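# Survey of secondary and tertiary structure
Chain by chain, the residues:
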Amino acid sequence: MCSHVELLGGLFHRDEYTNITSKIISKVGKNLHNRKHHPLWLIKERIKDHFYKQYIGRYGNPLFSVYDDLCPIVTTKQNFDRLLIPLDHPSRKKGDNYYLNNTHLLRSHTSAHQWDLIHSGLDAFLAIGDVYRRDEIDRSHYPVFHQMEGVRLFSNHEFFADAEHMDECHLFENGFRTPHKQESHTLEAVKLVEFQLKHTLCKLITHLFGEGLEIRWVDCYFPFTHPSFEMEIKFQGEWMEVLGCGVMEQQLVNSAGAHEKIGWAFGLGLERLAMILYGIPDIRFFWSENELFLKQFHVFDINQQITFQPLSKYPCLTNDISFWLPKEGYSENDFFDLVRDIGGDLVEKVTLVDQFTHPKTQKVSHCYRIVYRHMERTLTQMEINAVHKNIEKSAVKDLGVEGRF
């Protein structure tokens, strides 16, 4: 194996953290969100157009800057440390990320660029890009997806310029952290930020989905915001989470050089919105080169209503795989990654259907059901058997499992 990973013109020395696969490397630089008339590009353009028109600066220019070509290779400092993510936080795990080595990885969220953009002097921006996470395999999960990050900072003057007693209004105090505010924020400032944030996001989602949409807010936790919220919308009779947001941790804002400002941030997934808005049933479609899929999104008006027309429904093929786990070191995401690397986009879903502990040896076995389906043609059992056999062999070789095939 080569001692370095070569990616986007850079060389990264391999170490014990390196777990990026050739399949993932092949996705880097595709930038589906910048591919004209792609459904992810449509969603991005609709959101960008909305912000450009709704939020105008003092000289008539758009208030929000847009960055959609930032490099997906980031440092652990950018992806975790600057966002105040604790060293023992599960989001740092090797099993959940694609590491080039112990100092560099493919970003797992567009939040990785927050600090740098604030540090450059920006008060309002949108950052859009591809993000990478090792995850389960089904119709709504894929190791590469696309996010949009939004940040807005406010000064004391912006919030309280029209206040009757402006001198008595403050953004900051030496107080206590509560479920509703940070220790350095006044309650009145937090309530204004929270109102601005929720109002902005309600306008955005109403712009995308139309009037009459039911929206609710759920309290949640993120390391880089407090208080934090998730927005849920009622769609086809069910509540669905569409984005996360919150008041930015002042420690993060201060460290980026914006000590006198307070702000909010949000993050949303473009695939999730596109699947809901356009009725796309499987996340793998976004990577399709099939013209029957792509031409459905060639529209003259980015706000034109589109309903995805299903392609011919090709039948699935299902094979099971069972093996004894090694005594230690087994990670389910390692197995999912191996299946993706060998089966690629032929794999629709992987489900753990049975697990068994031997009463005498205490050895544990797992049985997974792998569903294969081609998006554009009918698969044969012979070609799937060949793929499945390679998965079995590689699981034994690379994961240290014992076959029960």
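Here, the structure is the one placed above.
Note that the structure is predicted; figures quoted are calculated from it, not measured.

## What about the overall build of the chain?
Along the backbone of the chain there are 11 helices and 15 strands. Taking 405 residues into account, the globule formula puts the C-alpha radius of gyration at 22 Å, and the chain, at 23 Å, falls close to it. Judged by the C-alpha coordinates and their principal axes, the chain covers about 75 × 50 × 45 Å. Considering only contacts in the chain between residues 6 or more positions apart, those separated by 24 or more positions represent 65%. Approximately 19800 Å² of the chain is accessible, and the part contributed by carbon and sulfur atoms is 50%.

## So, the environment of Asn79
Relative to the helices and strands, Asn79 is located in helix H3 (residues 76-79). Between the C-alpha atom of Asn79 and that of Gly212, which follows or precedes it by 133 residues, the distance is 37 Å. With residues near it in sequence (within four places) discarded, Asn79 still touches Val74, Ile85, Leu105, Arg107, Ser108, His109 and Ala112.

## Here's the deal with the sheet that holds strand S10 (residues 238-248)
Pairing is mixed in the open sheet, where seven strands are placed in the order S3-S6-S7-S11-S10-S9-S8. A single partner strand is all that each edge strand has here, and the edge strands are strand S3 (65-67) and strand S8 (215-222). If you compare each strand with its neighbour and ignore which way they point, the axes differ by 25° on average. Looking at chain direction, strand S6 (residues 124-132) and strand S7 (residues 144-155) are connected through nine bridges and run antiparallel. The residue of S7 that forms the bridge with Leu126 is Gly150. Helix H2 (residues 39-54) contacts S3, S6, S7 and strand S11 (261-269) of the sheet and is inclined by roughly 10° relative to S7.

## Some details on the pairing of strand S2 (residues 10-13)
Only one face of S2 is covered, namely the one carrying Gly10 and Phe12; the face carrying Leu11 and His13 has none of its residues buried. Where strand S1 (residues 4-7) and S2 come together, four bridges link them in antiparallel fashion. Across the sheet, His4 pairs through a bridge with His13, a residue of S2. Connecting S1 to the next strand, S2, in antiparallel fashion are two residues, including Leu8 with a positive phi near 50°.

## Concerning the sheet that holds strand S12 (residues 317-324)
If you trace the four strands from one edge of the open sheet to the other, you get S13-S14-S12-S15, paired in antiparallel fashion. Every other strand in the sheet has two partners, leaving strand S13 (347-357) and strand S15 (402-403) as the edge strands with one partner each. Packed on one face of the sheet, helix H10 (residues 332-343) meets S12, S13 and strand S14 (364-372) and runs near 140° to S13. Strands S12, S14 and S15 of the sheet are contacted by helix H11 (residues 381-399), whose axis makes an angle of about 20° with S12.

## Overview of the nonpolar core
Counting residues in hydrophobic clusters, the biggest one holds 73 residues, and the most contacted among them are Ile47, Leu106, Leu268, Tyr278, Ile280 and Phe286. Looking at this core element by element, the count peaks at nine residues for helix H6 (residues 187-209). With residues near it in sequence (within four places) discarded, Ile47 still touches Met148, Leu204, Leu208, Leu268, Leu270 and Leu273. Within the second largest apolar cluster, 23 residues are counted, among which are Leu379, Val387, Ile391 and Leu399.

## Quick word on the packing of H10 against H11
The contact between H10 and H11 brings their axes to 10 Å, and the two run at 140°. Put simply, H10 runs oblique to H11. Here H10 runs over H11; the crossing is right-handed. For the pair H10 and H11, contact is made by Asp334, Phe335, Leu338, Val339, Ile342 and Gly343 and by Val387, Asn390, Ile391, Ser394, Ala395, Asp398 and Leu399, respectively. Looking at side-chain class alone, the contact of H10 with H11 contains eight nonpolar, three polar and two charged residues.

## Observations regarding unusual backbone geometry
For residues besides glycine, phi is generally negative; the peptide bonds are generally trans as well. Omega for the bond connecting His226 with Pro227 falls within 30 degrees of zero, at -5°, which places this linkage in the cis form. If you trace the backbone, Pro227 turns up in strand S9 (residues 225-235). One non-glycine residue with positive phi stands out, namely Leu8, at about 50°.

## Remarks on the packing of H2 against H6
The packing of two helices is summarised by the inter-axis angle and the distance between the axes. The interhelical angle for the contact between H2 and H6, taken along N-to-C directions, is 125°, at an axis separation of 10 Å. By the angle class used here, H2 and H6 are oblique. In this structure, H2 crosses over H6, and the sense of that crossing is right-handed. From H2, Arg46, Ile47, His50, Phe51 and Gln54 reach across to H6, where they touch Thr200, Lys203, Leu204, His207 and Leu208. Along the lines of polarity and charge, the residues of the contact of H2 with H6 split into four nonpolar, four polar and two charged.

## Structural notes on the pattern of salt bridges
Inspection of the entire model under this criterion finds 28 salt bridges. Across the salt bridge formed by Arg139 and Glu348, the nearest N and O atoms sit 3.5 Å from each other. Highlighted residues: Arg139 in the loop between S6 and S7 and Glu348 in strand S13, separated in sequence by 209 residues. Judged by relative accessible area, which is 29%, Arg139 ranks as partly exposed. By sharing partners, the salt bridges in this structure join Arg139, Asp282, Arg284, Glu348 and Arg373 into a single network.

## A closer look at the packing of aromatic side chains
This model, assessed by the stated rule, comprises 23 aromatic pairs. Here a set of aromatic residues connected by ring pairs shows up, and it is made of Phe51, Tyr55, Phe64, Trp264 and Phe266. The side chain of Lys27 reaches across the aromatic face of Trp287, ending 4.6 Å from its centre. Geometry around Trp115 places Arg82 over its ring, the cationic atom sitting 3.8 Å from the centre.

What counts, and where the lines are drawn
Residues numbered from 1 in each chain as written. Predicted model: local features only at pLDDT ≥ 70, side-chain atom pairs only at ≥ 80, totals over all residues. Heavy atoms only, no water. Helix = DSSP H or I, 4+ residues; strand = E, 2+ residues; numbered from the N terminus. Rg over C-alpha atoms; globule rule 2.2 N^0.38 Å. Contact = heavy atoms within 4.5 Å. Areas by Shrake-Rupley, 256 points an atom, 1.4 Å probe, with all protein chains shown as cover. Pairing = 2+ DSSP bridges. Axes fitted to C-alpha atoms, helices over the stretch in contact; angles between N-to-C directions. Buried < 20%, exposed > 50% of the residue type's maximum accessible area, 1.4 Å probe, protein only. Core = buried A, V, L, I, M, F, W, Y, C linked by side-chain atoms within 4.5 Å. Parallel < 35°, antiparallel > 145°, perpendicular 65-115°, else oblique. Left-handed = near helix turned anticlockwise from the far one by under 90°. Nonpolar A, V, L, I, M, F, W, Y, C, P; charged D, E, K, R; others polar. Salt bridge = Lys/Arg side-chain N within 4 Å of Asp/Glu carboxyl O. Phe/Tyr/Trp six-rings, centres within 6.5 Å; stacked < 30°, edge-to-face > 60°. Lys NZ or Arg CZ within 6 Å of the ring centre and 35° of its normal.

Worth remembering: the numbers are spatial, not functional.
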